[in-house]
Amino acid sequence: MDIKFINLDRQYELIKQSVDENIKAVHSHGHYILGPEVAELEVKLADRAGVTHCIATSNGTDGLLVALMALGIGPGDEVIVPGFTFIAPVEAVCLLGAKPVFIDVEVGGCNIDVSKLEKGFSRNTKAIIAVSLYGACAEFDEINALAKKYGVPVIEDAAQSFGATYKNSKSCGLTDIAVTSFFPSKPLGCYGDGGAIFTNNDELAHIIRQITVHGQETRYCHTRLGVNARLDTIQAAILLAKLDVFDQEIEKRHELAMRYNELLDTCGAIELPQVPPHCKSVYAQFTVKLADRDRVADRMKASGAPTAVHYPLPAYKQPAYRQEGLSFPVSEMLAERVMSIPICPYMTSQEQLFVCETLVDAIKGS
Ligand SMILES: *Cc1c(COP(=O)(O)O)cnc(C)c1O
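This is a predicted model, so every value here is computed, not measured.

Draft legend 1. The sheet that holds strand β7 (residues 169-170), seen in detail. Spatially, the three strands line up as an open sheet ordered β7-β6-β13, and their pairing is antiparallel. Both outer strands of the open sheet, β7 and β13 (279-280), are each paired with one neighbouring strand and no more. Where strand β6 (residues 165-166) and β7 come together, two bridges link them in antiparallel fashion. Bridge pairing in β7 links T165 to K170.

Structural data, given as C-alpha coordinates:
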(Lines give C-alpha, C1' and ligand atoms only; values in the text may rest on other atoms or scores of the structure.)
Protein backbone atom coordinates (compact mmCIF):
# COMPACT_ATOMS: atom_id res chain seq x y z
CA MET A 1 0.00 0.00 0.00
CA ASP A 2 1.16 3.54 -0.71
CA ILE A 3 -0.62 6.04 1.47
CA LYS A 4 -0.64 9.81 1.14
CA PHE A 5 -0.25 11.84 4.34
CA ILE A 6 -3.13 14.02 3.16
CA ASN A 7 -5.43 13.06 0.32
CA LEU A 8 -6.77 16.33 -1.04
CA ASP A 9 -7.52 14.80 -4.44
CA ARG A 10 -10.20 12.59 -2.84
CA GLN A 11 -11.75 15.67 -1.26
CA TYR A 12 -11.74 17.46 -4.62
CA GLU A 13 -13.47 14.49 -6.27
CA LEU A 14 -16.28 14.90 -3.75
CA ILE A 15 -16.73 18.68 -3.99
CA LYS A 16 -15.54 19.23 -7.56
CA GLN A 17 -18.85 20.53 -8.84
CA SER A 18 -19.33 23.27 -6.25
CA VAL A 19 -15.64 24.25 -6.24
CA ASP A 20 -15.61 24.59 -10.03
CA GLU A 21 -18.90 26.49 -10.10
CA ASN A 22 -17.75 28.87 -7.36
CA ILE A 23 -14.49 29.61 -9.18
CA LYS A 24 -16.37 30.14 -12.42
CA ALA A 25 -18.62 32.66 -10.69
CA VAL A 26 -15.55 34.66 -9.66
CA HIS A 27 -14.33 34.68 -13.27
CA SER A 28 -17.69 35.99 -14.42
CA HIS A 29 -17.93 38.89 -11.98
CA GLY A 30 -14.19 39.59 -12.07
CA HIS A 31 -13.82 40.99 -8.53
CA TYR A 32 -10.64 39.07 -7.77
CA ILE A 33 -9.80 41.30 -4.80
CA LEU A 34 -12.37 41.65 -1.99
CA GLY A 35 -15.15 40.22 -4.12
CA PRO A 36 -18.54 39.25 -2.66
CA GLU A 37 -17.32 35.73 -1.78
CA VAL A 38 -14.89 37.19 0.76
CA ALA A 39 -17.67 39.02 2.60
CA GLU A 40 -19.92 35.96 2.44
CA LEU A 41 -17.16 33.76 3.82
CA GLU A 42 -16.42 36.20 6.65
CA VAL A 43 -20.06 36.12 7.76
CA LYS A 44 -20.14 32.31 7.69
CA LEU A 45 -16.85 31.93 9.54
CA ALA A 46 -17.83 34.45 12.23
CA ASP A 47 -21.08 32.58 12.68
CA ARG A 48 -19.30 29.23 13.01
CA ALA A 49 -16.86 30.64 15.56
CA GLY A 50 -19.67 32.41 17.43
CA VAL A 51 -18.01 35.84 17.18
CA THR A 52 -19.17 39.16 15.79
CA HIS A 53 -16.25 39.93 13.47
CA CYS A 54 -14.18 37.91 11.03
CA ILE A 55 -11.59 39.49 8.74
CA ALA A 56 -10.20 37.15 6.09
CA THR A 57 -6.45 37.40 5.51
CA SER A 58 -3.76 36.37 3.05
CA ASN A 59 -2.54 33.63 5.41
CA GLY A 60 -2.36 32.77 9.09
CA THR A 61 1.07 34.30 9.65
CA ASP A 62 -0.05 37.66 8.24
CA GLY A 63 -3.14 37.31 10.44
CA LEU A 64 -0.94 37.02 13.53
CA LEU A 65 1.17 39.97 12.39
CA VAL A 66 -1.91 42.13 11.78
CA ALA A 67 -3.40 41.10 15.15
CA LEU A 68 -0.21 42.17 16.95
CA MET A 69 -0.10 45.43 14.95
CA ALA A 70 -3.70 46.15 15.93
CA LEU A 71 -2.71 45.73 19.58
CA GLY A 72 0.10 48.22 19.05
CA ILE A 73 2.92 45.74 19.75
CA GLY A 74 6.38 47.12 18.92
CA PRO A 75 10.01 47.44 19.99
CA GLY A 76 10.58 46.99 23.73
CA ASP A 77 7.38 45.00 24.17
CA GLU A 78 7.28 41.39 25.24
CA VAL A 79 4.84 38.78 24.02
CA ILE A 80 4.48 35.42 25.77
CA VAL A 81 4.59 32.45 23.38
CA PRO A 82 4.91 28.66 23.76
CA GLY A 83 8.41 27.17 23.42
CA PHE A 84 7.10 24.33 21.27
CA THR A 85 5.11 25.52 18.26
CA PHE A 86 5.13 26.15 14.54
CA ILE A 87 7.32 29.23 14.15
CA ALA A 88 4.70 31.72 12.84
CA PRO A 89 3.66 33.35 16.15
CA VAL A 90 7.31 33.84 17.14
CA GLU A 91 8.14 35.22 13.71
CA ALA A 92 5.27 37.73 13.86
CA VAL A 93 6.40 39.01 17.28
CA CYS A 94 10.00 39.45 16.07
CA LEU A 95 8.97 41.16 12.83
CA LEU A 96 7.51 43.97 14.95
CA GLY A 97 10.73 44.31 16.95
CA ALA A 98 9.12 42.87 20.08
CA LYS A 99 10.60 40.07 22.16
CA PRO A 100 9.08 36.59 22.38
CA VAL A 101 9.10 35.31 25.96
CA PHE A 102 9.00 31.54 25.77
CA ILE A 103 7.11 29.32 28.20
CA ASP A 104 7.39 25.54 28.24
CA VAL A 105 4.42 23.43 27.15
CA GLU A 106 2.66 20.63 29.02
CA VAL A 107 3.36 17.05 28.11
CA GLY A 108 -0.24 15.89 27.55
CA GLY A 109 -1.73 18.27 25.00
CA CYS A 110 1.58 19.96 24.09
CA ASN A 111 0.04 23.41 24.65
CA ILE A 112 1.43 26.27 26.77
CA ASP A 113 1.81 25.14 30.40
CA VAL A 114 -0.49 27.39 32.43
CA SER A 115 1.27 26.40 35.67
CA LYS A 116 4.43 28.08 34.31
CA LEU A 117 2.74 31.00 32.56
CA GLU A 118 2.97 33.54 35.36
CA LYS A 119 6.78 33.39 35.29
CA GLY A 120 6.65 34.91 31.82
CA PHE A 121 5.10 38.23 32.89
CA SER A 122 7.11 41.42 33.31
CA ARG A 123 6.44 45.16 33.17
CA ASN A 124 6.91 44.93 29.40
CA THR A 125 4.45 42.11 28.71
CA LYS A 126 1.94 43.36 26.16
CA ALA A 127 0.19 40.18 24.99
CA ILE A 128 0.03 36.39 25.15
CA ILE A 129 -0.18 34.18 22.08
CA ALA A 130 -1.36 30.69 23.00
CA VAL A 131 -1.32 28.10 20.25
CA SER A 132 -4.05 25.43 20.10
CA LEU A 133 -1.70 22.76 18.80
CA TYR A 134 -2.74 19.69 16.81
CA GLY A 135 -6.41 20.79 16.88
CA ALA A 136 -7.16 20.99 20.62
CA CYS A 137 -7.48 24.28 22.47
CA ALA A 138 -5.02 25.47 25.08
CA GLU A 139 -6.36 26.03 28.63
CA PHE A 140 -7.96 29.39 27.91
CA ASP A 141 -9.84 29.81 31.21
CA GLU A 142 -6.54 29.89 33.08
CA ILE A 143 -4.76 31.87 30.35
CA ASN A 144 -7.52 34.51 30.20
CA ALA A 145 -7.62 34.78 34.00
CA LEU A 146 -3.87 35.46 34.22
CA ALA A 147 -4.01 37.85 31.28
CA LYS A 148 -6.78 39.77 33.04
CA LYS A 149 -4.75 39.95 36.23
CA TYR A 150 -1.88 41.56 34.30
CA GLY A 151 -4.12 43.58 31.99
CA VAL A 152 -2.88 42.14 28.70
CA PRO A 153 -4.83 40.76 25.72
CA VAL A 154 -4.77 37.12 24.59
CA ILE A 155 -4.44 35.92 21.00
CA GLU A 156 -5.41 32.34 20.18
CA ASP A 157 -3.27 30.93 17.38
CA ALA A 158 -6.08 28.73 16.10
CA ALA A 159 -4.34 27.81 12.84
CA GLN A 160 -4.87 24.13 13.67
CA SER A 161 -8.06 24.34 15.72
CA PHE A 162 -10.82 26.04 13.72
CA GLY A 163 -13.91 23.92 14.44
CA ALA A 164 -12.69 22.72 17.85
CA THR A 165 -14.53 23.37 21.11
CA TYR A 166 -13.37 24.23 24.63
CA LYS A 167 -15.89 23.77 27.46
CA ASN A 168 -18.72 24.13 24.92
CA SER A 169 -17.33 27.36 23.49
CA LYS A 170 -15.73 27.47 20.09
CA SER A 171 -12.10 27.89 19.16
CA CYS A 172 -11.61 31.38 17.65
CA GLY A 173 -14.17 32.81 20.06
CA LEU A 174 -12.30 32.26 23.33
CA THR A 175 -9.93 35.24 23.45
CA ASP A 176 -9.60 38.93 22.54
CA ILE A 177 -8.38 37.99 19.07
CA ALA A 178 -7.99 34.62 17.33
CA VAL A 179 -6.25 33.79 14.09
CA THR A 180 -6.68 30.74 11.91
CA SER A 181 -5.03 29.50 8.72
CA PHE A 182 -6.42 27.98 5.54
CA PHE A 183 -3.09 26.52 4.42
CA PRO A 184 -4.12 23.52 2.28
CA SER A 185 -3.23 20.90 4.91
CA LYS A 186 -5.12 22.56 7.79
CA PRO A 187 -8.52 21.08 8.76
CA LEU A 188 -10.20 23.82 6.71
CA GLY A 189 -7.80 24.52 3.86
CA CYS A 190 -8.02 26.43 0.60
CA TYR A 191 -6.04 25.89 -2.62
CA GLY A 192 -3.22 28.23 -1.71
CA ASP A 193 -2.57 30.56 1.20
CA GLY A 194 -5.35 31.97 3.34
CA GLY A 195 -6.30 32.85 6.89
CA ALA A 196 -8.74 34.75 9.08
CA ILE A 197 -8.82 36.91 12.21
CA PHE A 198 -11.70 36.78 14.71
CA THR A 199 -12.74 39.19 17.44
CA ASN A 200 -15.78 40.35 19.37
CA ASN A 201 -14.25 43.81 19.84
CA ASP A 202 -15.76 46.35 17.38
CA GLU A 203 -12.87 48.79 17.64
CA LEU A 204 -10.21 46.12 17.17
CA ALA A 205 -12.13 44.70 14.21
CA HIS A 206 -12.19 48.14 12.58
CA ILE A 207 -8.44 48.60 13.11
CA ILE A 208 -7.64 45.07 11.92
CA ARG A 209 -9.61 45.54 8.71
CA GLN A 210 -7.81 48.80 7.98
CA ILE A 211 -4.40 47.28 8.60
CA THR A 212 -5.10 44.43 6.14
CA VAL A 213 -5.71 47.05 3.42
CA HIS A 214 -2.62 49.29 3.72
CA GLY A 215 -3.91 51.07 6.81
CA GLN A 216 -6.50 52.68 4.59
CA GLU A 217 -9.37 54.65 6.17
CA THR A 218 -10.95 55.52 2.84
CA ARG A 219 -9.53 54.96 -0.64
CA TYR A 220 -5.95 56.33 -0.77
CA CYS A 221 -6.21 57.85 2.69
CA HIS A 222 -3.79 55.94 4.93
CA THR A 223 -4.35 56.72 8.58
CA ARG A 224 -2.20 53.97 10.07
CA LEU A 225 0.67 51.70 9.16
CA GLY A 226 -0.72 48.74 7.30
CA VAL A 227 0.13 45.81 5.07
CA ASN A 228 -1.50 44.02 2.17
CA ALA A 229 -3.01 40.99 3.88
CA ARG A 230 -6.27 40.30 2.04
CA LEU A 231 -7.65 36.89 1.17
CA ASP A 232 -8.04 36.33 -2.60
CA THR A 233 -11.66 36.10 -3.78
CA ILE A 234 -10.92 32.79 -5.51
CA GLN A 235 -9.70 31.28 -2.23
CA ALA A 236 -12.85 32.52 -0.50
CA ALA A 237 -14.95 30.90 -3.24
CA ILE A 238 -13.11 27.60 -2.70
CA LEU A 239 -13.54 27.81 1.07
CA LEU A 240 -17.29 28.39 0.67
CA ALA A 241 -17.51 25.08 -1.19
CA LYS A 242 -15.34 23.35 1.40
CA LEU A 243 -17.47 24.62 4.31
CA ASP A 244 -20.31 22.41 3.05
CA VAL A 245 -18.35 19.27 3.93
CA PHE A 246 -16.40 20.65 6.90
CA ASP A 247 -18.68 19.29 9.64
CA GLN A 248 -18.64 15.78 8.21
CA GLU A 249 -14.86 16.00 7.84
CA ILE A 250 -14.47 16.94 11.51
CA GLU A 251 -16.70 14.02 12.45
CA LYS A 252 -14.56 11.72 10.30
CA ARG A 253 -11.34 13.02 11.87
CA HIS A 254 -12.82 12.29 15.28
CA GLU A 255 -13.78 8.75 14.26
CA LEU A 256 -10.32 8.11 12.85
CA ALA A 257 -8.76 9.36 16.09
CA MET A 258 -10.96 7.11 18.21
CA ARG A 259 -10.05 4.12 16.02
CA TYR A 260 -6.33 4.95 16.27
CA ASN A 261 -6.73 5.05 20.06
CA GLU A 262 -8.33 1.60 19.98
CA LEU A 263 -5.91 0.03 17.53
CA LEU A 264 -2.79 1.44 19.18
CA ASP A 265 -3.91 1.19 22.79
CA THR A 266 -2.14 -2.10 23.45
CA CYS A 267 1.11 -1.00 21.85
CA GLY A 268 2.89 0.06 25.03
CA ALA A 269 5.73 1.78 23.22
CA ILE A 270 3.53 4.66 21.98
CA GLU A 271 2.04 7.51 23.95
CA LEU A 272 -1.26 8.50 22.36
CA PRO A 273 -2.46 12.13 22.09
CA GLN A 274 -4.15 13.36 25.25
CA VAL A 275 -7.15 15.59 24.72
CA PRO A 276 -8.66 16.90 27.98
CA PRO A 277 -12.29 15.83 28.51
CA HIS A 278 -13.50 19.45 28.26
CA CYS A 279 -11.98 19.83 24.77
CA LYS A 280 -13.16 18.52 21.43
CA SER A 281 -10.18 18.38 19.10
CA VAL A 282 -10.46 18.72 15.32
CA TYR A 283 -7.38 16.47 15.08
CA ALA A 284 -5.48 18.66 12.66
CA GLN A 285 -2.81 16.09 13.45
CA PHE A 286 -2.79 12.77 15.24
CA THR A 287 0.54 13.05 16.99
CA VAL A 288 1.97 10.22 19.06
CA LYS A 289 5.12 10.21 21.17
CA LEU A 290 7.67 7.46 20.98
CA ALA A 291 11.34 6.67 21.47
CA ASP A 292 13.62 6.20 18.48
CA ARG A 293 11.21 8.31 16.42
CA ASP A 294 13.42 8.95 13.40
CA ARG A 295 14.23 5.27 12.90
CA VAL A 296 10.55 4.28 13.21
CA ALA A 297 9.58 7.03 10.74
CA ASP A 298 12.20 5.83 8.23
CA ARG A 299 10.95 2.26 8.46
CA MET A 300 7.34 3.36 8.01
CA LYS A 301 8.25 5.47 5.00
CA ALA A 302 10.02 2.50 3.42
CA SER A 303 6.82 0.45 3.88
CA GLY A 304 4.61 3.12 2.28
CA ALA A 305 3.16 4.76 5.41
CA PRO A 306 4.16 8.44 5.57
CA THR A 307 4.61 10.33 8.83
CA ALA A 308 5.56 13.90 9.74
CA VAL A 309 7.29 15.63 12.64
CA HIS A 310 5.51 18.65 14.12
CA TYR A 311 8.08 19.97 15.14
CA PRO A 312 11.69 18.74 15.20
CA LEU A 313 13.17 21.75 17.09
CA PRO A 314 11.73 23.98 19.84
CA ALA A 315 11.16 27.54 18.61
CA TYR A 316 13.72 29.03 21.03
CA LYS A 317 16.41 26.74 19.57
CA GLN A 318 15.84 27.80 15.97
CA PRO A 319 18.90 29.64 14.60
CA ALA A 320 16.96 32.84 13.85
CA TYR A 321 15.26 32.97 17.26
CA ARG A 322 17.78 31.37 19.60
CA GLN A 323 17.78 32.72 23.13
CA GLU A 324 20.94 31.87 25.05
CA GLY A 325 20.55 29.80 28.17
CA LEU A 326 16.94 28.76 27.57
CA SER A 327 16.14 25.13 28.16
CA PHE A 328 12.68 23.62 28.59
CA PRO A 329 12.50 19.89 29.34
CA VAL A 330 9.04 19.22 27.86
CA SER A 331 9.59 21.18 24.62
CA GLU A 332 12.89 19.40 24.09
CA MET A 333 11.47 15.97 24.86
CA LEU A 334 8.57 16.56 22.45
CA ALA A 335 10.87 17.73 19.65
CA GLU A 336 12.65 14.38 19.95
CA ARG A 337 9.62 12.14 20.32
CA VAL A 338 6.58 13.50 18.45
CA MET A 339 5.45 11.85 15.23
CA SER A 340 2.22 12.58 13.34
CA ILE A 341 0.52 9.76 11.47
CA PRO A 342 -2.02 10.29 8.66
CA ILE A 343 -5.51 11.41 9.77
CA CYS A 344 -6.96 12.63 6.49
CA PRO A 345 -10.79 12.41 6.55
CA TYR A 346 -10.63 10.62 3.21
CA MET A 347 -8.38 7.73 4.22
CA THR A 348 -10.02 4.31 4.15
CA SER A 349 -10.26 1.98 7.14
CA GLN A 350 -7.89 -0.43 5.36
CA GLU A 351 -5.37 2.39 5.00
CA GLN A 352 -5.71 3.25 8.67
CA LEU A 353 -5.22 -0.37 9.68
CA PHE A 354 -2.15 -0.53 7.43
CA VAL A 355 -0.68 2.58 9.13
CA CYS A 356 -1.18 0.95 12.55
CA GLU A 357 0.35 -2.37 11.52
CA THR A 358 3.27 -0.62 9.88
CA LEU A 359 3.83 1.50 12.98
CA VAL A 360 3.78 -1.49 15.33
CA ASP A 361 6.12 -3.45 13.04
CA ALA A 362 8.48 -0.50 12.75
CA ILE A 363 8.67 -0.22 16.54
CA LYS A 364 9.32 -3.95 16.94
CA GLY A 365 12.07 -3.76 14.36
CA SER A 366 13.84 -0.84 15.99
C1 LIG B 1 -0.01 26.83 9.89
C2 LIG B 1 0.23 27.58 11.14
C3 LIG B 1 0.40 28.97 11.16
C4 LIG B 1 0.57 29.81 9.93
O5 LIG B 1 -0.36 29.71 8.97
P6 LIG B 1 -0.03 30.11 7.46
O7 LIG B 1 -1.38 30.27 6.87
O8 LIG B 1 0.75 28.99 6.86
O9 LIG B 1 0.75 31.38 7.47
C10 LIG B 1 0.52 29.61 12.37
N11 LIG B 1 0.50 28.92 13.52
C12 LIG B 1 0.37 27.58 13.56
C13 LIG B 1 0.35 26.89 14.87
C14 LIG B 1 0.25 26.87 12.37
O15 LIG B 1 0.12 25.54 12.41
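Draft legend 2. Layout of the site of the ligand. Near the ligand you find 14 residues, and of these G60, T61, D157, S181 and K186 are the closest. In the environment of the ligand, a nitrogen atom lies 2.7 Å from a nitrogen or oxygen atom belonging to the side chain of D157. Contacts to the ligand include Q160, whose side-chain N or O atom sits 2.7 Å from an oxygen atom. Its free accessible area being 380 Å², the ligand has 93% of it covered by the protein chains. Looking at the shell around the ligand residue by residue, the classes come out as six nonpolar, six polar and two charged.

Draft legend 3. Structural view of the domain arrangement of the chain. Along its sequence, the chain is organised into domain 1 (8-104 + 111-239) and domain 2 (246-365). Put simply, the middle of domain 1 and the middle of domain 2, counted by C-alpha atoms, are 25 Å apart. Taken together, the contact between domain 1 and domain 2 spans 34 residues of the former and 37 residues of the latter. Across the interface of domain 1 and domain 2, roughly 3,000 Å² is buried in total on both sides, 60% from carbon and sulfur atoms. The largest share of the area that domain 1 buries against domain 2 comes from F84, D104 and Y134, three residues that together contribute 24% of it.

What counts as what
- Residues numbered from 1 in each chain as written.
- Predicted model: local features only at pLDDT ≥ 70, side-chain atom pairs only at ≥ 80, totals over all residues.
- Heavy atoms only, no water.
- Pairing = 2+ DSSP bridges.
- Helix = DSSP H or I, 4+ residues; strand = E, 2+ residues; numbered from the N terminus.
- Near = heavy atom within 4 Å.
- Polar contact = N/O pair within 3.5 Å; in protein donor to acceptor, adjacent residues only side chain to side chain.
- Areas by Shrake-Rupley, 256 points an atom, 1.4 Å probe, with all protein chains shown as cover.
- Nonpolar A, V, L, I, M, F, W, Y, C, P; charged D, E, K, R; others polar.
- Domains from an automatic or database assignment.
- Contact = heavy atoms within 4.5 Å.
- Buried area = accessible area lost by both parts, 1.4 Å probe.

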